[in-house]
Amino acid sequence: MTTRLAPTTEFLPIPLPDYQERPLDEMRLGAQAFYDEIRTRHTVREFSDRPVPRDIIETCIRAAGTAPNGANHQPWHFSVIGDPAMKKKIRTAAEEEERAFYAGRAGEEWIEALRPLGTDDSKPFLEIAPWLICIFGERKSASADGKLRKNYYVPESVSIATGFLIAALHRAGLAILTHTPNPMSFLTEICQRPDHNKPYILLVTGYPAADATIPKHATEKKDLSEIATFF
């Protein structure tokens, strides 16, 4: 029997909302349906410039904001960029870092690992795609009284929220690219974020180009036996 903590002025337990138990057959169908859908997600580097309504992006970010996180501090911030001038500025800065990366900063082993993906220092998608979402982790954030407080498990929390966001964007029918220029500190300044914010991922999203391709190498996924151990 679980021992429950007594309610206090800070800890106020409420009945579990929303949960609905499903029959086993329905659970299996739901799990399979999600797998069948998410496995059709592919990383895209060729985007259309077709507009995507802002409200769709907003709903997907709301979904990301429901992710589990350290102490429920929700230590993330999503800077959503649709402004062409700002996207151009980000592309210019990103390509500068990427040129240095491919020219030697990365090291031969890393470059060798990237060759089957066909990537290089040219990033036109940063201007073509209708939306860029820069995902920041907040080392500190404001509490209800407006004071800055330390956040916990920031990388883990941001990673989970990013997964939620990718799944939501895919469910909405959009293509996604997780772009990680190295380093990406320039995004903090461009997105006008405070110093205690750290950029983790620059997510590119929109419709894929009509002639979009993906590298065959990217379709090779490890078998369940390679990624999971059951005890």
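An unreviewed UniProt entry lists the protein chain under the name Nitroreductase, with Thalassospira xiamenensis given as the organism.

Draft legend 1. Representation of the environment of P199 within the structure. Secondary-structure assignment places P199 in strand β6 (residues 197-206). Judged by relative accessible area, P199 falls into the buried class, the value being 9%. Those residues in contact with P199 that sit more than four places away from it in its chain are C134, I135, F136, M184, S185, L187 and T188.

Draft legend 2. A look at the pairing of strand β2 (residues 131-138). With eight of eight residues buried, β2 lies mostly within the body of the structure. Judged by which residues are buried, β2 turns out to be covered on both faces: W131, I133, I135 and G137 on one side and L132, C134, F136 and E138 on the other are all buried. Examined bridge by bridge, strand β1 (residues 76-81) and β2 share six bridges and lie antiparallel to one another. Bridged to V80 within β2 is I133.

Draft legend 3. A look at the side chain of E95. Within the fold, E95 resides in helix α3 (residues 84-105). Reaching out from E95, the side chain makes a polar contact with the backbone nitrogen of K123 at a distance of 2.7 Å. Ignoring sequence-local partners within four residues, the contact set of E95 consists of D121, S122, K123 and P124.

Draft legend 4. Main features of the UniProt feature "domain: Nitroreductase" (unreviewed entry) in the protein chain. Taking the UniProt record as the reference, the feature "domain: Nitroreductase" (unreviewed entry) is found at residues 38-207. Taken end to end, residues 38-207 comprises 41% helix and 21% strand; its first and last C-alpha atoms sit 17 Å apart.

Draft legend 5. Local environment of unusual backbone geometry. Put simply, N182 and P183 share a cis peptide bond, and its omega is 0 degrees. Structurally, P183 is set in the loop between β5 (175-179) and α7 (186-190). Residues other than glycine seldom take positive phi values, yet A71 does so here, at roughly 60 degrees. Of note, A71 is situated in the loop between α2 (54-64) and β1. According to the relative accessible area criterion, A71 is exposed, its value standing at 58%. Even without a glycine there, the phi angle at Q192 is positive, about 55 degrees. With respect to the secondary-structure elements, Q192 resides in the loop between α7 and β6.

About the thresholds
Residues numbered from 1 in each chain as written. Predicted model: local features only at pLDDT ≥ 70, side-chain atom pairs only at ≥ 80, totals over all residues. Heavy atoms only, no water. Helix = DSSP H or I, 4+ residues; strand = E, 2+ residues; numbered from the N terminus. Buried < 20%, exposed > 50% of the residue type's maximum accessible area, 1.4 Å probe, protein only. Contact = heavy atoms within 4.5 Å. Pairing = 2+ DSSP bridges. Polar contact = N/O pair within 3.5 Å; in protein donor to acceptor, adjacent residues only side chain to side chain. UniProt positions renumbered as here; feature names shortened; annotations may be inferred.

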